[in-house]
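Chain residues, written in single-letter form:
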Amino acid sequence: MKKIIALIILIVPVFLAGLGIKYMRDSMFGVVNDPFTLTVVQFVVGLGLTIFGVWFIGGYVLHRERKNKRVQERFAEQIRKKQSNQENE
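Residues numbered from 1 in each chain as written. Predicted model: local features only at pLDDT ≥ 70, side-chain atom pairs only at ≥ 80, totals over all residues. Heavy atoms only, no water.

A.B. asks: What exactly am I supposed to notice about a positive patch on the surface here?
C.D. replies: A surface patch of like charges, here positive, comprises K2, K3, R64 and K67. Relative to the helices and strands, K2 is located in helix α1 (residues 2-28). On the accessibility criterion, K2 (75% relative accessible area) is exposed. (Patch = residues over 30% accessible without salt bridge, like charges linked within 9 Å, V, L, I, M, F, W, Y side chains within 5 Å. Areas by Shrake-Rupley, 256 points an atom, 1.4 Å probe, with all protein chains shown as cover. Salt bridge = Lys/Arg side-chain N within 4 Å of Asp/Glu carboxyl O. Lys, Arg positive; Asp, Glu negative; His and termini not counted. Charge placed at Lys NZ, Arg CZ, Asp CG, Glu CD. Helix = DSSP H or I, 4+ residues; strand = E, 2+ residues; numbered from the N terminus. Buried < 20%, exposed > 50% of the residue type's maximum accessible area, 1.4 Å probe, protein only.)

Structure below.
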């Protein structure tokens, strides 16, 4: 059940990133979709959706790899710094 929920959580940002790419492509060809009135606004919203989707998926993968201790040293050091700061407080 947990894996199904995790899959659903990952499908939403993938869908949003795909929608963002579609909005950017449509604005490049001058096609204005329904909720937008200007192609510039449509492009900016599409760029934001794409960045959010890629950021969310990348953060999820990085969190999962940190948990399994399969990251490079430069990413693992951030965990050690956070843990040492919490212990000092």
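A.B. asks: What am I meant to see in α1 here?
C.D. replies: Helical periodicity: at 3.6 residues per turn, an α-helix aligns residues three or four positions apart in one direction. In this model, α1 (27 residues) spans 40 Å end to end at C-alpha, consistent with the 39 Å of a helix rising 1.5 Å per residue. Taken together, the buried positions of α1 are P13, A17, G20, Y23, M24, D26 and S27. Turning to α1, the residues buried within the fold contact α2 (39-67). Phi for G30, located one or two positions after α1, is positive at around 80 degrees. (Expected span 1.5 Å × (residues − 1). Contact = heavy atoms within 4.5 Å.)

A.B. asks: I'm lost on the pattern of salt bridges in this one. Help?
C.D. replies: Side-chain pairs of opposite charge can arise whenever the charged atoms involved come near each other. Taken as a whole and judged by the stated rule, the model has three salt bridges. Between D26 and R25 there is a salt bridge; the shortest N-O distance is 3.4 Å. Linking R70 and E65 is a salt bridge whose minimum nitrogen-to-oxygen distance equals 3.2 Å. A cluster of three or more residues bridged by salt bridges with shared partners is formed by K22, R25 and D26.

A.B. asks: What should I look at first to understand the packing of aromatic side chains in this one?
C.D. replies: For any pair of aromatic rings, the description consists of the separation of the ring centres together with the inter-plane angle of the planes. Inspection of the entire model under this criterion finds three aromatic pairs. Judged by centre distance (5.1 Å) and plane angle (80 degrees), the ring pair of Y23 and F36 falls under edge-to-face. On the criterion of sequence distance, the pair formed by Y23 in helix α1 and F36 in the loop between α1 and α2 is long-range, its members being 13 residues apart. Neither Y23 nor F36 differs from the other in exposure class; each is buried. Centre to centre, the rings of F52 and W55 are 6.1 Å apart; their planes meet at 40 degrees, and the pair counts as tilted. Here W55 and F52 lie together in helix α2, a separation of three residues that amounts to about one turn. Its relative accessible area of 35% is what places F52 among the partly exposed residues. The class of W55 is exposed, set by a relative accessible area of 59%. An aromatic cluster of three or more residues is present, and its members are F52, W55 and F56. (Phe/Tyr/Trp six-rings, centres within 6.5 Å; stacked < 30°, edge-to-face > 60°.)

A.B. asks: Please clarify how α2 should be interpreted in this entry.
C.D. replies: Its 29 residues give α2 an end-to-end C-alpha distance of 42 Å, which sits within 8% of 42 Å, the value for a rise of 1.5 Å per residue. Three or more residues of α2 are buried, namely Q42, G46, L49, T50, G53 and E65. Summarising the contacts, the buried residues of α2 are in contact with α1. Two residues or fewer after α2 comes K69, characterised by a positive phi angle close to 55 degrees.

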